[in-house]
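# Overview (structure and organization)
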Amino acid sequence: MLNTDLNLAAPDDVYEALIELHRDLAPEQSRLVNAKLILLLANHIGDAAVLRQAMAKAREGISPAGQDATLRATA
Amino acid sequence: MDGSMAERVDYQALVLPYARSPDQDAQRPVRHPVIIVGAGPVGLAAAIDLAQQGIRVVLLDDDDRLSTGSRAICFAKRTLEIFDRLGCGERMVGQGITWNLGKVFFREEPVYSFNLLPEAGHRRPAFINLQQYYVEGFLLDRAQALPLIDIRWKNQVTALEPQADGVLLQVATPEGEYRLEADWLVAADGSRSPIRRAMGLESKGQTFRDRFLIADVRMDAPFPAERWFWFDPPFHPNRSVLLHQQPDGIWRIDFQLGWDADPVAERQPERVIPRVQALLGPEARFELEWVSVYTFSCLRMERFRHGRVLFAGDSAHGVSPFGARGANGGVQDAENLAWKLALVVQGQAPESLLDSYDAERVRAADENILNSTRSTDFITPKNEASRAFRDATLELARDCGFARRLVNSGRLSLPCTYRDSALNTPDTDAFDGPMQPGAPAADAPVRAGGEEGWFLSQIAHGGFTLLCFGEEPPDNFPGIRGVPLRPLLVVPAGAAQRQAAGLPVIEDAAGLLARRYDAGPGATYLLRPDQHVAARWRRFEPVLVTAALARATGQG
């Protein structure tokens, strides 16, 4: 079960560390760092159900405004 | 067993002569039990399998040549085991390049390697690489040795009319058109399947916005017989490259080009040669053997059985090439279909048995599509975020073990375990290990008649096998009239001499059979003609075996 209550002893410190992590990075560098961070945390958490709940929470209220590079195919 | 003369046949140049069939002069359309359309690997495998089980087959092909260009090159362990049962596995493996190891590089560094067959005690390796024209040629040689197969080249199906109890076909030949009737039609006519189109059916899915260049080059090269895959190498920045060895000093090099590449221009030698030189170095000497630029799609038909018409191979489903799941999946379709169709044609099983072909192979196709789509998502990221995850995985893979397991340059073809198949008898006894109902049987070294051999060759007779572990042969073997069932007793190494003559017996030479099947004395397995597990018990019980056999033949 995904814990959405406060679970950090020093929340401001952690938030600051996240911001600091991206200082002076170009957008694609930030994207890469975030991706690594998510992979590391996902592996550490190890619980696929919790991860899916977190993914759903993160996507809540966002309707796609982009387009992936695939095409429908019919043969 | 295979003469060196046979290996020198240039299968790409072979012209297969059209010959007039007496059917073309018949007053009324001649009716055949099974007509297969398409003499590719899938159609040929299905024809051989059916003929080995006593079924007469007409095989129609619209062309008079085998495959041109290497095309499918990776043939998986399970497919080789099927070729063994079809009588041409040894030739394939003798000609092919055996490999088990894959290596992945990110930029210049190796980040991950995998062994696809990390244990001994199997007759066949994880993979061989062999040009499709050899595979078709060896299958064709085997098919031509079987009198029950009637192959008709330059016979193109131009129209068909499905009927309640068969199919009526219109066939064009160099000498005009004629008509044929089939009780059953197998459409192994490829990804553009004219049969599918003629029936107004579709195969649906997604196309990936990327282009790849295949350059098959002839050269002396120092690379080992391994699958090498580079992400973002210095010689082809920002994209991927795959290198594979084939027989006859030919190497497959696959360059990712991106969606904007011009497919016509990229095929020209003046564009291809510099790409190859970038990989091999400016001094390298090589010749271009075959060049192709392609995009790929993952798609499938909703159902593979439409009344008396059965779709198999690329006509039924398509995958991206990164898991070698196309031709392998197709040959496995053919094997799944052949024994069921044989029993139905012989009147020994109800037509509904063929619905299990649809259910089991749709499941297998979905597994193949899932795996190949995942690989494609890794190799061809669909958006900026997926590209970031891909690069993050590759960078972390250098020093984080978990990330190496996420690197996906292709999850290579494995046979499907038909977990939920209606033909399975669910376990009532506890077993460990992967040999659950629906699983493809694992191989192991055995001794039979005093000679060293392999387990899978002992269960390659085209019928069901009742495999009994123990020192004592069980008596009162059950059966169902018309369904071929062969008992096979497994005894420990050195114990065969103590057995009474008559009952087939094998020795578990290295103890691996008992281990792989989690089998103590009394354990009993019912294996299907396609070597998948139908049922298993801790103790032999004739009534349960009969019920499982009925269920596995659609009579339960």
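Residues numbered from 1 in each chain as written. Chains lettered and ligands numbered in written order. Predicted model: local features only at pLDDT ≥ 70, side-chain atom pairs only at ≥ 80, totals over all residues. Heavy atoms only, no water.

## Considerations on the overall build of chain B
Rules: The way it works is that DSSP assigns letters per residue, a run of H or I at least four long becomes a helix, a run of E at least two long becomes a strand, and they are numbered from the N terminus. To sort residues, take the accessible area from a 1.4 Å probe on protein chains only and compare it with the maximum for the residue type: under 20% means buried, over 50% means exposed, and anything in between is partly exposed. We call two residues contacting when some pair of their heavy atoms lies within 4.5 Å. A 1.4 Å probe and the Shrake-Rupley method give the accessible areas. Residues count as covered only by the protein chains that appear here. Counting rule for charge: Lys and Arg are taken as positive, Asp and Glu as negative, and neither His nor the chain ends is counted. By convention, the charge on Lys lies at NZ, on Arg at CZ, on Asp at CG and on Glu at CD.
Along its length, chain B carries 14 helices and 28 strands. Dimensions of chain B, computed from the C-alpha atoms along their principal axes, are close to 70 × 65 × 50 Å. Relative to its 556 residues, chain B shows a buried fraction of 58%. When contacts within chain B are restricted to residue pairs at least 6 apart in sequence, long-range pairs at least 24 apart make up 69% of them. Per element, the accessible surface of chain B, about 22,000 Å² overall, is 48% carbon and sulfur. Measuring between centres, the 61 positive side-chain charges of chain B sit 2 Å from its 71 negative side-chain charges.

## Some remarks on the pairing of strand β13 (residues 212-218) of chain B
Note on strand geometry: in a regular strand, side chains alternate between the two faces of the sheet. Residues and elements named next belong to chain B. Heads up, the rule is: Here the rule is simple: two strands pair whenever DSSP picks up at least two bridges between them.
For β13, the tally of buried residues reaches 6 of 7 residues, placing the bulk of the element in the interior. Looking at chain direction, β13 and strand β17 (residues 287-294) are connected through 7 bridges and run antiparallel. Within β17, the residue paired with I214 across the bridge is S292.

## Some points on a nonpolar patch on the surface
This is how it is decided: A patch consists of residues exposed above 30% relative accessible area that lack any salt bridge, with like charges linked at up to 9 Å and nonpolar side chains (Val, Leu, Ile, Met, Phe, Trp, Tyr) linked at up to 5 Å. One side-chain nitrogen of Lys or Arg within 4 Å of one carboxyl oxygen of Asp or Glu is enough to make a salt bridge.
Nonpolar side chains collect at one region of the surface, where L6, L8, V14, L18 and L21 of chain A lie side by side and expose about 430 Å² of accessible area between them. For L18 of chain A, the position within the fold is in helix α1 (residues 11-21).

## Side note on the environment of G102 of chain B
Among the structural elements, G102 of chain B can be located in strand β5 (residues 101-106). Dropping the residues within four chain positions of it, G102 of chain B is found in contact with Y112, S113, F114 and R227 of chain B.

## Some remarks on the side chain of D64 of chain B
All names here are of chain B. Residue placement: D64 occurs in the loop between β2 (57-60) and β3 (74-76). It turns out D64 is buried and unbridged, and the closest side chain with the opposite charge, K154, is 4.4 Å from it. The contact partners of D64, leaving out residues within four places of it in the chain, are L14, V15, L16, W153 and K154.

## A word on the pairing of strand β26 (residues 505-508) of chain B
All names here are of chain B. Two strands pair when backbone bridges link them, and strand β22 (residues 445-448) and β26 are joined in this way by 2 bridges, in the antiparallel orientation. Looking at β26, one finds that A448 is bridged to I506. In this structure, strand β25 (residues 485-492) lies alongside β26, joined through 4 bridges in parallel fashion. Pairing of L489 across the sheet is with V505, part of β26.

## Describing the domain arrangement of chain B
Residue and element names in this part refer to chain B. For clarity, the threshold we go by: Residue ranges assigned to each domain were obtained from an automatic or database domain assignment. Values labelled buried area give the accessible surface lost by two parts on being combined, using a 1.4 Å probe and summing over both. A 3.5 Å cut-off defines polar contacts: any pair of N or O atoms within that distance qualifies, except that in protein one atom must be a possible hydrogen donor and the other a possible acceptor, and neighbouring residues in sequence count only when both atoms are side-chain atoms.
Taken as a whole, chain B is organised into domain 1 (4-95 + 129-205 + 300-371), domain 2 (212-295) and domain 3 (445-552). Of note, the centres of domain 1 and domain 3, computed from C-alpha atoms alone, are 31 Å apart. Across the contact, 12 residues belong to domain 1 and 13 residues belong to domain 3. Summed over both partners, the interface of domain 1 with domain 3 buries about 1,000 Å², with 56% contributed by carbon and sulfur atoms. When the buried surface of domain 1 facing domain 3 is broken down by residue, R85, W339 and Q348 rank first, second and third, together holding 51% of it. With a shortest N-O distance of 2.8 Å, R528 and E360 are connected by a salt bridge. Applying the counting criterion to the domain 1 and domain 3 interface returns 4 residue pairs in polar contact (both at pLDDT 80 or more). Where the side of domain 1 that touches domain 3 is concerned, the elements lending two or more residues are α3 (77-85), α8 (326-345) and α9 (353-379). Per element, the largest residue contribution to the side of domain 1 that touches domain 3 is 5 residues, and it comes from α8.

## Some details on the pattern of salt bridges
Residue and element names in this part refer to chain B. Applying the stated rule across the entire model yields 47 salt bridges over all chains. R20 is the salt-bridge partner of D25, the closest N and O atoms lying 2.6 Å from each other. Residue class for D25 comes out partly exposed when judged on its relative accessible area of 48%. In this structure, E226 engages K103 in a salt bridge whose closest nitrogen and oxygen atoms are separated by 3.0 Å. With a gap of 123 residues between them, E226 in the loop between β13 and β14 (227-231) and K103 in strand β5 connect regions that are remote in the sequence.

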